[in-house]
Amino acid sequence: MRNIFLLLFLISQTLSFSQQLSSKKFTVLTNNIEINTEGLDEIVLETSEDDFVSIFLDEENSFAHHIITSEKNGILSIDFQPEINQKEPVFRKFITERLHRASVKIKIPKNKNLTFLGDEVDVISKSYQGNLSVFIDKGSLSFNTLKGNLQLHLYSGNVFLTTSEGKINIDSANGSINVNNVLESNPYQKTLTNSLRNLTIKSKKANIVLTSK
C-alpha cells in the first residue's frame, strides 16, 4: 500500500512540474498571417485590443514547444516547434508520452487575413474581426459570430458558427448540415445581405451547425 501511495505521489509531482507556460508579444505590419497548428490540441483566437500579436502557450508536457515567428513574401508565419530532450528519464517519459495536451490563446489585431494549417486540432474563434481560412483534417471548430470571410476545408469534425450576411456555400458529402435547427440537404447554398462576404465550407463528413440571422 505504501508503494502505491508513493507511486501516485511521484506521478502527481511529475504532472505538476511538467506543465510549461510561455508567451510572446510583438507588433505586425503585414495583413497576412499563417498559423501552423501542428502539435496543438486547441487554439483560441481573440481580437487584440491594440496593435500587438499576443501568444500564450500552455502545455502539459515536459518537452516544451518553442514559439517561432518568421516573415517571408508578406506573410507572417507562426509555428510551435517541440523541443526534444533525449536525456529525459524513462519513468518521466512514460508518463508524459500519454499527455500531449498543448493549447494556445492568440490575440491578433482586427482586419488581418488569418490562415490555419494542421492535422487534428480544435479551433475556437471568439468572433474574430477579420478573414479566416482553415485547412485541417479533423477538429471541433467554433467561430461564434463571423466578422469577415470564412474559407474552411476539413475532412471530419463539428463546426459551429453564426452569420447574418454573405454568400453561404456548404458542401459536406457524408456529414449533416443544420441551419437554424433545421436539417438541410447537401449542398446548402443561400445569399444573405452583403453578398460581397463569403462563407465557404467543404468537407467529406463534418457536421455543420449554422445559425443564420
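Residues numbered from 1 in each chain as written. Predicted model: local features only at pLDDT ≥ 70, side-chain atom pairs only at ≥ 80, totals over all residues. Heavy atoms only, no water.

1. Quick look at the overall build of the chain
Reasoning step 1: In terms of regular secondary structure, the chain is built from two helices and 17 strands.
Reasoning step 2: With 213 residues in all, the chain has 39% of them scored as buried. (Helix = DSSP H or I, 4+ residues; strand = E, 2+ residues; numbered from the N terminus. Buried < 20%, exposed > 50% of the residue type's maximum accessible area, 1.4 Å probe, protein only.)

2. Digging into the nonpolar core
Reasoning step 1: If you look at the biggest cluster of nonpolar residues, it comprises 45 residues, and the most contacted ones within it are Ile106, Phe143 and Leu161.
Reasoning step 2: Excluding its chain neighbours within four sequence positions, the residues that come into contact with Ile106 are Ile35, Ile43, Val44, Leu45, Glu46, Val53, Ser54, Ile55 and Ile78. (Core = buried A, V, L, I, M, F, W, Y, C linked by side-chain atoms within 4.5 Å. Contact = heavy atoms within 4.5 Å.)

3. Considering the packing of aromatic side chains
Reasoning step 1: Per the stated rule, a full pass over the model turns up zero aromatic pairs.
Reasoning step 2: One Lys or Arg, Lys25, reaches over the ring of Phe52 and ends 5.0 Å from the middle of that ring.
Reasoning step 3: Between the NZ or CZ atom of Lys105 and the centre of the ring of Phe56, over which it lies, the distance is 5.5 Å. (Phe/Tyr/Trp six-rings, centres within 6.5 Å; stacked < 30°, edge-to-face > 60°. Lys NZ or Arg CZ within 6 Å of the ring centre and 35° of its normal.)

4. A look at the confidence of the model for the chain
Reasoning step 1: When pLDDT is averaged across the chain, the result is 86; 81% of the residues are at 70 or more.
Reasoning step 2: Across residues 86-99, where pLDDT falls below 50, the model places 20 contacts with residues more than four positions away in sequence or in other chains. (pLDDT = per-residue confidence, 0-100.)

5. So, the environment of Ser54
Reasoning step 1: One can find Ser54 in strand S4 (residues 52-60).
Reasoning step 2: Given the relative accessible area of 8%, Ser54 is considered buried.
Reasoning step 3: Measuring from C-alpha to C-alpha, the distance between Ser54 and Lys105 comes to 8.1 Å, with 51 residues separating the pair along the chain.
Reasoning step 4: Excluding anything up to four places from it in sequence, Ser54 contacts Lys24, Lys25, Lys105, Ile106 and Lys107.

6. Concerning the pairing of strand S8 (residues 113-117)
Reasoning step 1: Going residue by residue along S8, you find Leu114 and Phe116 tucked away on one face and Asn113, Thr115 and Leu117 left uncovered on the opposite face.
Reasoning step 2: As judged from the five bridges shared by strand S2 (residues 32-36) and S8, these two strands associate in the parallel manner. The partner of Asn32 across the bridge, within S8, is Asn113.
Reasoning step 3: One ladder, built from five bridges, connects S8 with strand S10 (residues 131-135); its direction is parallel. Within S10, the position partnered with Thr115 by the bridge is Ser133. (Pairing = 2+ DSSP bridges.)

7. So, the pattern of salt bridges
Reasoning step 1: This structure, assessed with the given rule, holds two salt bridges.
Reasoning step 2: Between Lys126 and Glu46 there is a salt bridge, with the nearest N and O atoms lying 3.5 Å from each other. Note that Lys126 is positioned in the loop between strand S9 (122-125) and S10 and Glu46 in strand S3 (residues 42-47), a separation of 80 residues in sequence.
Reasoning step 3: Across the salt bridge formed by Glu165 and Arg197, the nearest N and O atoms sit 2.5 Å from each other. With Glu165 in strand S13 (residues 165-172) and Arg197 in strand S17 (residues 193-212), the pair connects residues that are 32 residues apart, well separated along the chain. (Salt bridge = Lys/Arg side-chain N within 4 Å of Asp/Glu carboxyl O.)

8. What about the environment of Thr145?
Reasoning step 1: Here Thr145 shows up in strand S11 (residues 138-145).
Reasoning step 2: On the accessibility criterion, Thr145 (28% relative accessible area) is partly exposed.
Reasoning step 3: Between the C-alpha atoms of Thr145 and Thr162, which are 17 residues apart in sequence, the distance is 4.5 Å.
Reasoning step 4: With near-sequence residues (within four places) excluded, Thr145 lies in contact with Ser127 and Thr162.

9. Quick notes on a negative patch on the surface
Reasoning step 1: On the surface, Glu38, Asp41, Asp119, Glu120, Asp122 and Asp137 cluster together into a patch of negative charge.
Reasoning step 2: Looking at the element boundaries, Asp119 is found in the loop between S8 and S9. (Patch = residues over 30% accessible without salt bridge, like charges linked within 9 Å, V, L, I, M, F, W, Y side chains within 5 Å. Areas by Shrake-Rupley, 256 points an atom, 1.4 Å probe, with all protein chains shown as cover. Lys, Arg positive; Asp, Glu negative; His and termini not counted. Charge placed at Lys NZ, Arg CZ, Asp CG, Glu CD.)

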